[in-house]
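Notes for the structure review
Residues per chain are reported as follows:
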Amino acid sequence: MARIPRWADLVLVPLISLLLAGIISALVILAIGQSPKEALTTMVTGAVGSSYAWGYTLYYATSFMFTGLAVTVAFHGSLFNIGGEGQAQLGGLGVALVCLAVPWPHWTLALPMAMIAGALFGAAWAAIPAYLQARRGSHIVITTIMFNYIGAALIVYLLVNVLRPPGQMDPATARFPSGAALPTLHDLPLLGLIFDKKIPANVTLFVALIACWLVWLLLWRTRLGYEIRAFGRSEPAARYAGISPFRVTMLAMLISGALAGLMSINNVMGESGRLLQNSSEGAGFIGIAVALMGRNHPIGVFLAAILFGILYQGGAEIGLWTSIPIELRTVVQGLVILFTGALDHMVRMMLGVFFRPRRIEVA
Amino acid sequence: MKGGIAAGRQETAAPLAIELRGISKAFGTVQANKDISIQVAKGTIHGIIGENGAGKSTLMSILYGFYKADSGDILINGTPTTIPDSQAAIRAGIGMVFQHFKLVQNFSVLENVILGAEDGALLRPSLAKARKVLADLAREYELEVHPDAVIEELSVGHQQRVEILKALYRHADILILDEPTGVLTPAEADHLFRILRNLKEQGKTVVLITHKLREIMEITDTVSVMRRGEMTATVRTAETSPEQLAELMVGRKVLLHVPKGTAKPGRRVLEIKDLRVRDVDGVERLKGIDLSIRAGEILGIAGVAGNGQTELLQVLGGITQGTGTVILNDKSLDLTGKSSDGQSRRRDGISHVPEDRQHLGMIMDFTAWENVAFGYHNDPAYQKNRWLMDNGAILEDTKGKMERFDVRPPIPTLQAKSFSGGNQQKIILAREIERNPDLLLVGQPTRGVDIGAIEFIHKRIVALRDSGKAVLLVSVELDEIMSLSDRIAVMFDGHLMGIGPAESATQVGLGCLMAGLGGADTRAMSGWDISAAADEQRLSTGTRG
Amino acid sequence: MDYATLLQILDSTIRLATPLLLACLAGLYSERSGIFDIGLEGKMLMAAMSTGAVAALTGSVWIGLLAGISGAVLFALVHGVASITFRGNQLISGVALNFVASGITVLIAQSLFRQGGRTPPLSGEARFNPITLPFAEALSGVPILGPLYSEVLSGHGALVYIALLAVPVTWWVLFRTRFGLRLRAVGENPASVDTAGISVIRLRYGAVVITGILCGLAGAYMAAGLQAGFGKEMTAGRGYIALAALIFAKWRPWYALMATLLFGFFQALALRPDVIKNTVGFDVPVPALDALPYILTVIVLAGFVGRAIPPRAGGEPYVKER
């Protein structure tokens, strides 16, 4: 296989993958008789062209940072957590229960409790697949997929039969007390000057940024992070070093689930103000793309989350203002995952052509 | 052994089943086969003997179309033949029994036999035919296996028969067996040899790859010796002796000189009694080991790879579990419970330089400094506070270690995989030796290491001994064992064949023990305690020479 | 529950189980060859859209079926290129293709018909019309068994019978033919196939294409049998239920039939909450029925009900070694 320099692997592989995804998307747009140029312009203006646009882009990016980090932590332990979607929805349940439990006087009191609940519920939903993987060898990819559906069904049941206030038709919880409403960037001093309209991006963005930093600390500054990374690279070597596979698998997945669960303070508490069906809206899956694109590094995840925020918001604008359906963004998302996660050897081989191929064989 | 080679060449009068001319094969910088020529006469059993890594398996894989030789010619039955893939080898009448069987575990014997050699799109006729053919083959060669048995329920010996049946079903005239007895019990091995003799009587040609002298002496007609990718000799088995073969196998290199004073053994650091280890398949790999090591001495474990040395290191290092008693500094070690892991062993004062540097000893994608903390990442000196590790401190420590152990380039932030084998090993040694352990376990310290680094590594190990520590050294390099050790123990098939002082050990004597044999050469080594099992094996072979 | 209601539920069980069964058998071929495929969902969706679109345009369900198969095979081949040729991560490839399918089906349907990402309603020859089995009429008078034959077994579209037929055929191919033997071998131990001189790559591509064809049938049935036209995300997780059924069935054809019938039965029950209430006496929440296949699969995966051992070489790209 072609060897390419490390920086190229880190920077060029995701960029080339993005480019390939972009080219194919453009071809798709051409094939359905639309203009790729128009799509791109609409997307850019709609996602980054104004502070209002940024308000949406950053809102989406906040969610994707959490789910991207969730996938990243698990990936470092060589665990592919596809269950971010279910974990985020369960996290939303935790957030909703906390927000509805007491008439919160101020969001600064509600937020920490909601965060704890969201993280705990998310972690709990990751715990069973983690245990089954660590102790019984059940494949975590399959079990987390199953848990997405079980989680969705559980939420539907609770919303319809338990949490729905009497007299309300749609399956959702009651609205949260106003004391549990998170201020948007528009509501904050100074930032309000930039974001002069009502936008969904809220203080959770800062929590997400702190989460990026904490995950970086965890992975590269703590013993647990060290053990997760070592275990993910080589299980036999980890055993040699006296690292317990069971402990690492459990902890990595619990942290991953907690991060996915934390996402719901952005959408459930910050935006909708009540728990709805399918609250995560696919953000759990986008986390996979974000982690792959961000090369499993919090800085990369941050950048990729913004990029996918742009894609998401821009895609919505495309759906609104052009004849191209909003689903274009799902196509791009899929293509990015395909190129960065499954066809990465191919992308490297393409790049290897440019970096004077040296033949290195392994005996 | 020029004469020996000549002896092999003189047989050109007999029809040749296989002739290889000047075969060379390199993997990257490793020359696995160097200009190898060999002639195997039809209807004979030809042995190829050599230590692990001598290039035997590579050579036979070339013959079976698994690898393509860089240069050289292959003649089958006198006809030049190209063998680009396994199918071509099968067509040429070559069958191969790999060391690791290529059987489908949940298939029946019949299904495995016909796989790839079916007679048509439907299975029923093929199965019926195979059932008949198998019955005939079973009668002819003592190859009885129940045709409907499922592979995973068969013993290893029976699985091997299925592999042989597969080859015969494909009309193989030449049968290659790669280390066939490694997984067999003595009784199964005897049966295998009867089968091979039957095959020979029916005019088949058998090539037997092994590192066991006993087998060569017992069954082969001619034998080729390989060492470090080269064919060192081909001789008639009847005209050679195990001693001569042992010498050819191990080679007589100039002993590396390790400046080393006399050992001053102190108190007993490690005592092992009846240590047993089973692998994941439940096969016993350590079959009751008793030994002890004192402070200030190096005990070298000699042996051909795969005779239990790895398991010994791993159970002492806390990687695998075992039964028996291991006492370190008057404290009994936990071999199965909660504190039978690598962290507990390190706390107890055992450091471990594993045999497999790349898969166990390091994380190749980690930087040098991250690897310096590997296994010691809980060390208080590496922590900034309760939560965070002090990467700066590890980095500083790494710099010092790289300097003291002459790691090149001395850049702590480089990934482990960017260092040469020797420098990787120095990083591991620095990490383990500077822990100042009571007992250092060290496996294959100089495998894949350049000459310059070898001397350095040896000096460091001796220095640790001189500082009053105990060292358990495992190496397949006999020279290394002989030049470093104060005492030597030889392992064979999970047993200790003998143990004694290094100064009275001889190459030939150790070679015999490594092959599981006793005899005069081993008894000539004064102060040695030879296992009774070794002499029994000796008698059972009825060696000539 | 009276007999008539039971017959109704069994009838819809068969209809609902059909796409699950086809997709489950599709996954069986791929996974038996050692290629994990969590992209069944995407391939079904692709096939449903292609069938819906082409059937609407041509008015022929059979041309639509061909288009559906082509669409699914195309996706199967991309999965093959990623996981066989480039030895990529099979799980990620499957996930990615599901997303691509989810998006691109709407894009194409919208650009063709401008009906909000749906295809136009199909009718007449553009759908799989019910086939009345021989003697259905005559036998309907026979007590108990008669109605079972005429109302439950008879009167489905062709693909239902093809799906049911695909079970013994798959069993026969797998266990009675040379191809099946090699397919099973390559999923268990590709080295055994390689040393026998057979191409691992060709076998696996073969399996992946069969997976595509069967997913094509499943998707076509969704769009032109179960429903009349393609709608956004119309497969609604059936690809994953099929995957669950495959694990539940331990990768065996007859068990796959049982598992998909069971899961189809749950789906049929979920459509009739009134019946459940009348039968068990209390409300069984519909979501519990929805989740049941997944919960059962997790229990099987955890090894509490016999062990579900996937093909040994599954998920691992084959690299030649001694």
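Rules used throughout
Residues numbered from 1 in each chain as written. Chains lettered and ligands numbered in written order. Predicted model: local features only at pLDDT ≥ 70, side-chain atom pairs only at ≥ 80, totals over all residues. Heavy atoms only, no water. Contact = heavy atoms within 4.5 Å. Salt bridge = Lys/Arg side-chain N within 4 Å of Asp/Glu carboxyl O. Polar contact = N/O pair within 3.5 Å; in protein donor to acceptor, adjacent residues only side chain to side chain. Helix = DSSP H or I, 4+ residues; strand = E, 2+ residues; numbered from the N terminus. Nonpolar A, V, L, I, M, F, W, Y, C, P; charged D, E, K, R; others polar. Buried area = accessible area lost by both parts, 1.4 Å probe. Patch = residues over 30% accessible without salt bridge, like charges linked within 9 Å, V, L, I, M, F, W, Y side chains within 5 Å. Areas by Shrake-Rupley, 256 points an atom, 1.4 Å probe, with all protein chains shown as cover. Buried < 20%, exposed > 50% of the residue type's maximum accessible area, 1.4 Å probe, protein only. pLDDT = per-residue confidence, 0-100. Expected span 1.5 Å × (residues − 1). 1 Å grid on protein atoms, 1.4 Å probe; cavity = no way out; pocket = protein on both sides within 12 Å on 5 of 7 lines; lining within 4 Å. Points joined across faces, edges and corners; volume = space filled by probe spheres on them. Phe/Tyr/Trp six-rings, centres within 6.5 Å; stacked < 30°, edge-to-face > 60°. Domains from an automatic or database assignment. Core = buried A, V, L, I, M, F, W, Y, C linked by side-chain atoms within 4.5 Å.

**As for the interface of chain B and chain C**
Counting residues at the interface gives 29 residues for chain B and 23 residues for chain C. Our count for the contact surface shared by chain B and chain C stands at 3 salt bridges. For Arg182 of chain C, the salt bridge goes to Glu118 of chain B, with nearest N and O atoms at 2.7 Å. At the junction of chain B and chain C, the tally comes to 9 residue pairs in polar contact (both at pLDDT 80 or more). Secondary-structure elements contributing two or more residues to the side of chain B that touches chain C are α2 (56–63), α3 (86–91), α4 (109–114) and α5 (123–141) of chain B. Here the side of chain B that touches chain C is built from residues that sort into 14 nonpolar, 9 polar and 6 charged.

**Quick notes on the interface of chain A and chain C**
The interface of chain A with chain C comprises 41 residues on the first partner and 43 residues on the second. Taken over both partners, the interface formed by chain A and chain C buries close to 3500 Å², and the fraction arising from carbon and sulfur atoms is 82%. Applying the counting criterion to the chain A and chain C interface returns 1 salt bridge. Between Lys232 of chain C and Glu327 of chain A there is a salt bridge whose closest N-O contact spans 2.8 Å. At the boundary of chain A and chain C, one finds 2 residue pairs in polar contact (both at pLDDT 80 or more). Contributions of two or more residues to the side of chain A that touches chain C are made by α5 (107–136), α6 (140–163), α13 (283–293), α15 (328–342) and α16 (344–354) of chain A.

**Regarding a nonpolar patch on the surface**
Residue and element names in this part refer to chain C. Together, Tyr3, Phe135, Leu139, Val142, Ile144 and Leu145 make up a nonpolar patch on the protein surface, roughly 600 Å² of accessible area in all. Within the fold, Leu145 resides in helix α6 (residues 145–153). Here Leu145 falls in the exposed class, since its relative accessible area comes to 57%.

**Let's talk about the confidence of the model for chain A**
Where the model shows low pLDDT, its predicted coordinates should not be examined in detail. Looking at chain A as a whole, the pLDDT averages 91, with 97% of positions reaching at least 70. With pLDDT under 50 throughout, residues 357–363 of chain A is counted as low confidence; its partners more than four residues away or in other chains account for 6 contacts.

**Section: helix α15 (residues 421–433) of chain B**
Taking 1.5 Å per residue as the helical rise, α15 of chain B with its 13 residues ought to reach 18 Å, and the 18 Å between its terminal C-alpha atoms agrees with that figure. Within α15 of chain B, 13 of the 13 residues are buried, leaving the element largely enclosed by the surrounding structure.

**Brief notes about the confidence of the model for chain B**
Residue and element names in this part refer to chain B. When pLDDT is averaged along chain B, the result is 87; 92% of the residues meet or exceed 70. Scored below 50 in pLDDT, residues 1–12 shows 17 contacts in the model against residues more than four places distant or in partner chains. Below a pLDDT of 50 lies the segment residues 538–545, which in the model reaches 19 contacts outside its immediate sequence neighbourhood of four places, other chains included. This complex was scored by the predictor with a pTM of 0.86 and an ipTM of 0.92.

**Digging into empty space enclosed by the protein**
Which parts of space are left empty comes out when a probe the size of a water molecule is rolled across the atoms. Taken as a whole and judged by the stated rule, the model has 7 cavities of 30 Å³ or more. Looking at the largest cavity, its volume works out to about 140 Å³. If you list the elements that add at least two residues to the lining of the largest cavity, you get β6 (94–97) and α6 (156–169) of chain B together with α9 (190–195) of chain C. In the lining of the largest cavity, the residues fall into 8 nonpolar, 3 polar and 4 charged.

**Description of the environment of Gly71 of chain C**
Residues and elements named next belong to chain C. If you trace the backbone, Gly71 turns up in helix α3 (residues 61–85). Looking at Gly71, the relative accessible area reads 8%, which means it is buried. Separated by 20 residues in sequence, Gly71 and Thr51 place their C-alpha atoms 8.7 Å apart.

**Description of the pattern of salt bridges**
For the coordinates displayed, the defined rule picks out 50 salt bridges over all chains. For Lys287 of chain B, the salt bridge is made with Asp493 of chain B, and the minimal N-O distance between the two is 3.2 Å. Highlighted residues: Lys287 of chain B in strand β12 (residues 284–294) and Asp493 of chain B in the loop between β19 (487–492) and β20 (495–501), separated in sequence by 206 residues. Ionic contacts of the salt-bridge type, sharing partners, join the residues Asp9, Arg295, Asp344 and Arg348 of chain A into one network.

**Brief notes about the packing of aromatic side chains**
Tallied over the entire structure, the rule returns 20 aromatic pairs over all chains. Summarising the aromatic geometry, the rings of Phe64 of chain A and Tyr312 of chain A are spaced 5.3 Å apart at their centres and angled 85 degrees between planes, so their arrangement reads as edge-to-face. Of this pair, Phe64 of chain A sits in helix α3 (residues 51–76) while Tyr312 of chain A sits in helix α14 (residues 298–321), and the two are 248 residues apart along the sequence. Neither Phe64 of chain A nor Tyr312 of chain A differs from the other in exposure class; each is buried. An angle of 50 degrees between the planes, with centres 5.7 Å apart, marks the rings of Tyr149 of chain A and Tyr240 of chain C as tilted.

**What about the domain arrangement of chain B?**
Structurally, chain B comprises domain 1 (4–93 + 173–250), domain 2 (268–349 + 437–541) and domain 3 (367–436). Measuring from the centre of the C-alpha atoms in domain 1 of chain B to the corresponding centre in domain 3 of chain B gives 45 Å.

**Section: the nonpolar core**
Counting residues in hydrophobic clusters, the biggest one holds 280 residues, and the most contacted among them are Met269 of chain A together with Ile488 of chain B. Both domain 2 (268–349 + 437–541) and domain 3 (367–436) of chain B contribute no fewer than three residues apiece to this core. Aside from chain neighbours lying at most four places away, what touches Ile488 of chain B is Leu299, Gly300, Ala302, Ile481, Met482, Gly498, Ile499, Gly500, Ala502, Ala505, Leu510 and Trp528 of chain B. In terms of nonpolar packing, the next biggest core, distinct from the first, is built from 51 residues, Ile45, Phe101, Leu115 and Phe193 of chain B among them.

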